[in-house]
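Chain by chain, the residues:
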Amino acid sequence: MDIIEIIKQRRSIRSFERKQISDKDMHTILECAMCAPSARNQQKWRFIVVDKKEILQELSQNIPSGKMCKEADKVILVCYEIDDETSELYWQQDGSAAIQNILLSSAALGIGSVWVAIHPREQKIEFISKLFSLPKNIKPLSLVALGYKKNILKEVDRYDSSKVRYNSW
């Protein structure tokens with residue numbers, strides 16, 4: 001598939017088969033995440049790959065929007081190191097660009113994914129920070145649950161010309 005097809009066909013997948021994602025594919029996904037743009041090219045994203053069933057179960061039980069984590073083969077916790085003004089200002093944008101690359105590279109590999117927000121919910125941030133023993137300067141942004149899709153979803157045309165303006169409002 002070319003990138004346009006991947007973008008148009010990618011969907012949030014919340015139901016996964018019991019099939020393992022290879023180390024090679026995980027390396028590719030993380031490599032693509034790290035190819036995302038970042039402010040001043042700081043690349044201060046940090047990733048925790050979770051594949052322990054006990055932790056996946058705990059995520060599923062404690063993150064209301066993350067119920068699918070218990071079925072996922074792996075979950076990537078996307079964090080950011082905050083240690084200067086630039087990282088403080090742009091960490092959410094930089095981390096989101098990395099997440100989008102995770103979603104697209106997963107789709108290109110035939111792996112389903114879903115973005116599960118952590119930030120800005122304080123209760124979720126505190127839970128994740130404690131569960132993963134994050135240092136104070138590491139901020140959790142989101143989880144991305146990964147696994148092979150149980151169901152193939154149809155492409156949806158989301159283009160809406162009423163949301164587009166040219167040259168002014």
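The text that follows walks through the structure, step by step, so that each part is easy to find. Model, not experiment: these values are computed from the prediction.

## Structural notes on the packing of aromatic side chains
- This structure, assessed with the given rule, holds 0 aromatic pairs.
- Cation over ring: Lys-19 sits above Tyr-148, and NZ or CZ is 4.3 Å from the ring centre.
- The ring of Trp-169 has Arg-165 lying over it, and the distance from NZ or CZ to the ring centre is 4.5 Å.

## What to know about the pattern of salt bridges
- According to the stated counting rule, one finds 4 salt bridges in the structure shown.
- A salt bridge links Asp-84 to Lys-44, with the nearest nitrogen and oxygen atoms 3.3 Å apart. Taken together, the residues span a long stretch of sequence, with Asp-84 in the loop between strand S2 (74-81) and helix H4 (85-108) and Lys-44 in the loop between helix H2 (23-33) and strand S1 (45-50) at a distance of 40 residues.
- Taking the relative accessible area as the measure of exposure, Lys-44 reaches 12% and is therefore buried.

## Quick word on the sheet that holds strand S3 (residues 112-117)
- With antiparallel pairing, 4 strands are arranged side by side in an open sheet as S1-S2-S4-S3. The strands lining the two open edges of the sheet, one partner per strand, are S1 and S3. Taken pair by pair, the neighbouring strands of this sheet meet at an average axis angle of 25°, ignoring direction.
- Taken strand by strand, H2 contacts S1, S2 and strand S4 (138-147), and its axis lies near 160° from that of S1.

## Regarding a negative patch on the surface
- Taken together, the side chains of Asp-2, Glu-5, Glu-155 and Asp-157 make up a negatively charged region of the molecular surface.
- Considering the arrangement of structural elements, one finds Glu-5 in helix H1 (residues 3-9).

## Brief notes about the environment of Arg-165
- One can find Arg-165 in the segment after S4.
- Take Arg-165: its relative accessible area is 41%, and that puts it in the partly exposed class.
- With 22 residues separating them in the primary sequence, Arg-165 and Leu-143 have C-alpha atoms 33 Å apart.
- A distance of 3.4 Å separates the side chain of Arg-165 from the backbone oxygen of Trp-169, its partner in a polar contact.

## A closer look at unusual backbone geometry
- Cis peptide bonds are those with omega within 30 degrees of zero, and the linkage from His-119 to Pro-120 qualifies with 15°.
- You can see Pro-120 is positioned in the loop between S3 and helix H5 (122-131).
- Backbone geometry places Asn-41, a non-glycine residue, at a positive phi of 55°.
- Along the chain, Asn-41 falls in the loop between H2 and S1.
- Overall, Asn-41 belongs to the exposed group, its relative accessible area being 51%.

## Examining the side chain of Glu-81
- The topology assignment puts Glu-81 in strand S2.
- One polar contact links Glu-81 to Arg-46, side chain to side chain, over a distance of 2.5 Å.
- Setting aside its immediate chain neighbours within four residues, Glu-81 contacts Lys-44, Arg-46, Ser-87, Asn-137 and Ile-138.

What counts and what doesn't
Residues numbered from 1 in each chain as written. Predicted model: local features only at pLDDT ≥ 70, side-chain atom pairs only at ≥ 80, totals over all residues. Heavy atoms only, no water. Phe/Tyr/Trp six-rings, centres within 6.5 Å; stacked < 30°, edge-to-face > 60°. Lys NZ or Arg CZ within 6 Å of the ring centre and 35° of its normal. Salt bridge = Lys/Arg side-chain N within 4 Å of Asp/Glu carboxyl O. Helix = DSSP H or I, 4+ residues; strand = E, 2+ residues; numbered from the N terminus. Buried < 20%, exposed > 50% of the residue type's maximum accessible area, 1.4 Å probe, protein only. Pairing = 2+ DSSP bridges. Axes fitted to C-alpha atoms, helices over the stretch in contact; angles between N-to-C directions. Contact = heavy atoms within 4.5 Å. Patch = residues over 30% accessible without salt bridge, like charges linked within 9 Å, V, L, I, M, F, W, Y side chains within 5 Å. Areas by Shrake-Rupley, 256 points an atom, 1.4 Å probe, with all protein chains shown as cover. Lys, Arg positive; Asp, Glu negative; His and termini not counted. Charge placed at Lys NZ, Arg CZ, Asp CG, Glu CD. Polar contact = N/O pair within 3.5 Å; in protein donor to acceptor, adjacent residues only side chain to side chain.

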